[in-house]
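What follows is each chain in one-letter form.
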Amino acid sequence: MAKGKAKEIDIGRTTDDERPALKAAFLQDPHALREPKENNLEIAIGHEVRAFRKKLGITVTDLATATGISLGMLSKIENGNISPSLTTLQSLSRALGVPVTAFFRRYEEPRNAVFVKAGEGVELERRGTRAGHQYKLLGHIDNNTAGVVVEPYLITLSANSDTFPAFQHEGMEFLYMLEGEVVYRHGDRLFSMAPGDSLFFDADARHGPEELVKLPIRYLSIISYPQKQGM
């Protein structure tokens, strides 16, 4: 079987037919920062209630009349001094003409981060692993707002073998070579990979090392797949 190059698309030499699809893949602007958010739910709700009221050009008294909520209660809500009930929020949403969810958009839930020192990480045994094949998990976040699970591995192959583990799982996978040389299989294609090469593929096809050309071999493997409901 012929060996393919690890890089299937030259980003700098795309054709006119390829450009629209490539451009669509990069629509998100990572530098488009959102407005600062509150880490206190009551303050976040109060800020939004006041902002929507002022946008309509009505007074607290007007809003109290429209909702049946007392002036004192509205004042406490807008100042973030009280946690309004769902019934109260529904009354406010009807009077202000916005969905209930609009009151929560400034609330900042905790965002997790995982830091791993050099040489650390959780060493795992994956199906088909053997002596000389080391899989080190570099981080894991259970619940996140993206709805995607990402598993970053540092994989080290330091012993030759006649057979290699084949993997097949849902999601996408990205490999980046750090050291050594390997022939990597994806489906019915082979890719010769050296330091600096990368391979991005649909992980639902059988894949894995085919030939260890130059040891030791180290590469990053980043697997992503949809987060299961209830995780």
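Each chain has its residues counted from 1, following the order in which its sequence is written. In keeping with the predicted nature of the model, local features appear solely for residues at pLDDT of at least 70, side-chain atom pairs appear and are counted solely at 80 or more, and the whole-chain, interface and lining totals rest on all residues. To get the side-chain values, take all heavy atoms of the structure and skip hydrogens and water.

Caption draft 1: Structural detail: the overall build of the protein chain. Counting from the N terminus, the helices are the DSSP runs of H or I reaching at least four residues and the strands are the DSSP runs of E reaching at least two. The secondary structure content of the protein chain amounts to five helices and eight strands. When its helices and strands are written in sequence order, the protein chain yields β-α-α-α-α-α-β-β-β-β-β-β-β. Think of it in three bands: with a 1.4 Å probe and only protein chains considered, a residue is buried below 20% of the maximum accessible area for its type, exposed above 50%, and partly exposed in between. Each of the 231 residues in the protein chain was classed as buried or not, and the buried ones make up 32%. For this analysis, residues touch if any pair of their heavy atoms sits within 4.5 Å. Nonlocal contacts in the protein chain, meaning residues at least 24 apart in sequence, comprise 69% of its contacts between residues at least 6 apart. Surface accessibility follows the Shrake-Rupley procedure with a 1.4 Å probe radius. Residue values consider only the protein chains on display as shielding. Accessible surface for the protein chain amounts to roughly 14,800 Å². Of this, 52% is attributable to carbon and sulfur atoms.

Caption draft 2: The arrangement of the side chain of Glu-173 in detail. Within the fold, Glu-173 resides in strand E5 (residues 172-186). Excluding residues that lie within four positions of it along the chain, Glu-173 makes contacts with Tyr-184, Leu-199, Phe-200, Phe-201, Ala-203, His-207, Ser-221, Ile-222 and Ile-223.

Caption draft 3: Just the environment of Ala-64, in detail. Within the secondary structure, Ala-64 is located in helix H3 (residues 60-67). What makes Ala-64 buried here is its relative accessible area of 12%. Those residues in contact with Ala-64 that sit more than four places away from it in its chain are Ile-69, Leu-71 and Leu-74.

Caption draft 4: Structural context of the environment of Thr-65. The residue Thr-65 is located in helix H3 in this model. Under the relative-accessibility criterion, Thr-65 is labelled exposed at 66%. Sequence-wise, Thr-65 and Ala-95 are 30 residues apart; in three dimensions their C-alpha atoms are separated by 9.6 Å.

Caption draft 5: Structural view of unusual backbone geometry. Of note, the bond from Leu-215 into Pro-216 is cis; its omega dihedral lies within 30 degrees of zero at -5°. Positionally, Pro-216 belongs in strand E8 (residues 207-226).

Caption draft 6: Up close: the packing of aromatic side chains. Only the six-membered ring of Trp is used, alongside the rings of Phe and Tyr, when aromatic pairs are assigned; centres must lie within 6.5 Å, and planes under 30 degrees apart are stacked while those over 60 apart are edge-to-face, with the rest tilted. Scanning all chains against the criterion turns up five aromatic pairs. Ring centres of Tyr-135 and Phe-167 lie 6.2 Å apart, and the angle between their planes is 75°; this geometry places the pair in the edge-to-face category. Here Tyr-135, found in strand E3 (residues 133-137), pairs with Phe-167, found in the loop between strand E4 (148-157) and E5; they are 32 residues apart in sequence, far enough to count as distant. Exposure remark for Tyr-135: the relative accessible area of 2% places this residue in the buried category. A relative accessible area of 7% means that Phe-167 is categorised as buried.

Caption draft 7: Seen up close, the environment of Ile-82. Mapped onto the elements, Ile-82 comes out in the loop between helix H4 (71-78) and helix H5 (86-96). Its relative accessible area of 26% is what places Ile-82 among the partly exposed residues. Between the C-alpha atom of Ile-82 and that of Glu-42, which follows or precedes it by 40 residues, the distance is 6.4 Å.

Caption draft 8: Geometry of a nonpolar patch on the surface. A patch is a set of surface residues, each over 30% in relative accessible area and not in a salt bridge, joined within 9 Å for like charges and within 5 Å for the nonpolar side chains Val, Leu, Ile, Met, Phe, Trp and Tyr. Any carboxyl oxygen of Asp or Glu that lies within 4 Å of a side-chain nitrogen of Lys or Arg is treated as forming a salt bridge with it. On the surface, a nonpolar cluster with roughly 190 Å² of combined accessible area is contributed by Val-148, Val-150 and Ile-222. Mapping Ile-222 onto the fold places it in strand E8. Residue Ile-222 is classed as partly exposed on the basis of its relative accessible area of 32%.

Caption draft 9: Local environment of the pairing of E8. Strands are labelled as partners when DSSP assigns at least two bridges between them. Of the strand pairs in this sheet, E4 and E8 are connected by ten bridges, and their pairing is antiparallel. Its bridge partner lying in E8, Val-148 is registered against Pro-226. Taken together, the 13 bridges between E5 and E8 define a ladder with antiparallel strand orientation. Bridging across to E8, Met-172 finds its partner in Ser-224.

Caption draft 10: Broad picture of the pattern of salt bridges. A full pass over the atoms with the stated rule returns four salt bridges. A salt bridge links Glu-78 to Arg-50; its shortest N-O distance comes to 3.5 Å. You can see Glu-78 sitting in helix H4 and its partner Arg-50 sitting in helix H2 (residues 41-56), a full 28 residues away along the chain. Residue class for Glu-78 comes out buried when judged on its relative accessible area of 7%.

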